[in-house]
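Chain and residue survey
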Amino acid sequence: MIDSREQKKGAGFALLAFFFWGGLTPLYFKAVSGVPPIETLANRVIWSLLLVGVLLFAMKRVAGLRAALASPKVLRTLLLAAFFVSLNWFLYIYAINASMTVEAALGYYINPLINVILGMVVLRELLSRAQGLAVLLAALGVANLTWQLGAVPWVGLALALSFGIYGLIRKTAPLASLEGLFMETLLLAPFAIGLLVYLQFFGGGQSMSLADPGLFGLLMLSGPVTALPLIWYASAARRLRYSTIGLFQYLAPTCIMLTAVFVFGEPFTQAHLVTFACIWAALAIYSFDSLLTARRLRRAQFLGKAPA
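The structure presented is a predicted model; accordingly, all values stated were derived computationally and were not measured. (Residues numbered from 1 in each chain as written. Predicted model: local features only at pLDDT ≥ 70, side-chain atom pairs only at ≥ 80, totals over all residues. Heavy atoms only, no water.)

Attention now moves to helix 8 (residues 177-202). The terminal C-alpha atoms of helix 8, which comprises 26 residues, lie 36 Å apart, in line with the 38 Å expected from a rise of 1.5 Å per residue. Of all bends in helix 8, the biggest is about 45°, found at Ala189, and the proline Pro190 comes one to four residues later. (Helix = DSSP H or I, 4+ residues; strand = E, 2+ residues; numbered from the N terminus. Expected span 1.5 Å × (residues − 1). Bend = angle between axes of the 7 residues up to and from the residue.)

Here Thr185 lies in helix 8. A residue is classified by how much of its surface remains accessible, and Thr185, at 1% relative accessible area, is buried. With sequence-adjacent residues up to four places away left out, Thr185 is seen in contact with Val45, Ser48, Leu49 and Trp89. (Buried < 20%, exposed > 50% of the residue type's maximum accessible area, 1.4 Å probe, protein only. Contact = heavy atoms within 4.5 Å.)

Looking at the element boundaries, Ser290 is found in helix 13 (residues 270-302). Residue class for Ser290 comes out partly exposed when judged on its relative accessible area of 26%. Separated by 159 residues in sequence, Ser290 and Gln131 place their C-alpha atoms 9.0 Å apart.

For the rest of this paragraph, the subject is the side chain of Ser162. Of note, Ser162 is situated in helix 7 (residues 154-170). Looking at Ser162, its side chain comes within polar contact range of the main-chain oxygen of Leu159, at 3.1 Å. Excluding residues that lie within four positions of it along the chain, Ser162 makes contacts with Phe84, Leu87, Asn88 and Leu91. (Polar contact = N/O pair within 3.5 Å; in protein donor to acceptor, adjacent residues only side chain to side chain.)

With the rule as written, the count across this model stands at 3 salt bridges. For Arg61, the salt bridge goes to Glu179, with nearest N and O atoms at 2.9 Å. Highlighted residues: Arg61 in the loop between helix 2 (37-58) and helix 3 (63-69) and Glu179 in helix 8, separated in sequence by 118 residues. For Arg61, a relative accessible area of 30% translates into the label partly exposed. A relative accessible area of 9% places Glu179 in the buried class. Here Glu184 ties to Arg170 by a salt bridge, and the two come within 3.0 Å at their closest N and O atoms. With Glu184 in helix 8 and Arg170 in helix 7, the pair connects residues that are 14 residues apart, well separated along the chain. (Salt bridge = Lys/Arg side-chain N within 4 Å of Asp/Glu carboxyl O.)

Structural data, given as structure tokens:
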């Protein structure tokens, strides 16, 4: 059983991770918005690979990497995961560059509900009545925004779907989060390096030039920006129940939305308010149902009636 001191540490790490993801990451990508999103993505891959590699070797956590490199099946799984996480990263960077940060927040709000749908379609999981109601409310919210603004919020939907698929794939790869990030960025590194070289010589790339050392330094920070919250999240996950972590995760899109509206000055219309109200209601239903399910499971385990 986790003691109260460890739970407090876990809560602290969770707050650090989700406030960083939601509050500081948008500010960082806005600061480098003069660089094309694809070039920023390439830098994020390379600097994350270098930083995470140093950390893993310093912590002597390389055994799992050797096993993954020796398994073609694991490598194929990780390559597919790398594609979807890089797509998610690109879309998020693009959203901030294009002043669509509110829509990015929408995407991360509906991500848990997308996970429910993916579980039903791919894993043949059954939806509870509450989960079905939550998905319906979220769909109504997205439909309202589409109707009111005359356009599908494709960035938010693509962010939610790409991250949902990534999570589904990573469930089958036997690697912890930090080792997984190293392998994914390692597989993406040849493409990232090739892209940066091409942009430098043929496409007006900015990141490989030392003419602007401030910009070069900012792009180097994409490694810590990626790795630090992941490390904090892993530390929180070891100390907290999964259901508790699930509630903390809504801090990130909330911070993204607040940053978009009050720092970036993006519009938040009545159409947005109605849509977000539907999403928030859906998440409240989903979270309450998850907590009840977790409580029933713990009670059954305590009474010795849980299925083997």
